[in-house]
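Residues per chain, in single letters:
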Amino acid sequence: QVQLVESGGGLVQAGGSLSLSCAASGRTFNSYDMGWFRQAPGKGREFVAVISWSGGSTRYADSVKGRFTISRDNAKNTVYLRMNSLKPEDTAVYYCATLESYRPPRGRDWGQGTQVTVSS
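A brief look at the structure comes next. Remember, predicted model here, so these are calculated numbers, not experimental data. (Residues numbered from 1 in each chain as written. Predicted model: local features only at pLDDT ≥ 70, side-chain atom pairs only at ≥ 80, totals over all residues. Heavy atoms only, no water.)

Structural notes on the pattern of salt bridges
Selection rule: The rule for a salt bridge is simple: a side-chain nitrogen of Lys or Arg has to be within 4 Å of a carboxyl oxygen of Asp or Glu. Partly exposed describes any residue whose relative accessible area lies between the buried limit of under 20% and the exposed limit of over 50%, with all areas from a 1.4 Å probe on protein chains only and scaled to the type maximum. The way it works is that DSSP assigns letters per residue, a run of H or I at least four long becomes a helix, a run of E at least two long becomes a strand, and they are numbered from the N terminus.
Within the structure shown, the criterion is met by 4 salt bridges. Across the pair Arg-38 and Glu-46 runs a salt bridge whose closest N-O atoms are separated by 2.8 Å. Residue Arg-38 is classed as buried on the basis of its relative accessible area, which comes to 5%. Judged by its relative accessible area of 32%, Glu-46 is partly exposed. Between Asp-90 and Arg-67 there is a salt bridge, and its shortest N-O distance comes to 2.8 Å. Of the two residues, Asp-90 sits in the loop between β8 (78-83) and β9 (92-101) while Arg-67 sits in the loop between β6 (58-60) and β7 (68-73), which places them 23 residues apart along the sequence. Its relative accessible area of 1% is what places Asp-90 among the buried residues. Through salt bridges with shared partners, a single ionic network connects Arg-38, Glu-46, Arg-67 and Asp-90.

Comments concerning the packing of aromatic side chains
Applied cut-off: Classification of ring pairs rests on two measures: the distance between centres of Phe, Tyr or Trp rings, Trp counted by its six-membered ring, which must be within 6.5 Å, and the angle between planes, read as stacked under 30 degrees, edge-to-face over 60 and tilted in between. Charge-over-ring contacts are defined here by two conditions on Lys NZ or Arg CZ: a distance within 6 Å of the ring centre and an angle within 35 degrees of the ring normal.
One pass over the structure, following the stated rule, counts 2 aromatic pairs. Between Tyr-95 and Trp-110, the ring centres sit 6.4 Å apart and the planes meet at 85 degrees, which makes this aromatic pair edge-to-face. With a gap of 15 residues between them, Tyr-95 in strand β9 and Trp-110 in strand β10 (residues 106-110) connect regions that are remote in the sequence. Classification of Tyr-95 as buried rests on a relative accessible area of 13%. Assessed through its relative accessible area of 33%, Trp-110 is described here as partly exposed. Taken together, the aromatic side chains of Phe-37, Tyr-95 and Trp-110 make up a single cluster linked through ring pairs. One Lys or Arg, Arg-45, reaches over the ring of Trp-110 and ends 4.6 Å from the middle of that ring.

As for the state of the cysteines
The following threshold applies: Here, the term disulfide refers to a pair of cysteine sulfur atoms separated by no more than 2.5 Å.
All told, the structure shown has 1 disulfide when counted by the stated rule. Each sulfur in the disulfide pair Cys-22 and Cys-96 lies 1.9 Å from the other. Here Cys-22 and Cys-96 share a disulfide; its torsion about the S-S bond, 55 degrees, makes the bridge right-handed. With Cys-22 in strand β3 (residues 18-25) and Cys-96 in strand β9, this residue pair connects regions lying 74 residues apart in the sequence. You'll find Cys-22 and Cys-96 in the same group, each marked buried.

Below, the structure is given as structure tokens:
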């Protein structure tokens, strides 16, 4: 099992930016594909972005494509999500996860989540 801890959430105005981090520990991190998911109030958890174990491949949900960027630093056991041009509909709890499937993206080990709130 890999332990994951998200950080960086907060309150921002529409059009603003925010960066999330996910620190991993417990097992070999470098071999895992990683992803970010989110869950808005009253809605199910949805895929946001994924990145391969080497960082060589990424995929994004259509709703965030062109605005969000996923990256990783295996030396630091950390995956990141840079969010630009934020919209109120981006408001959700954001979770990072190791992936048991890349296509379709499916999480295996999960972090506790971090709240992102975008005001209008």
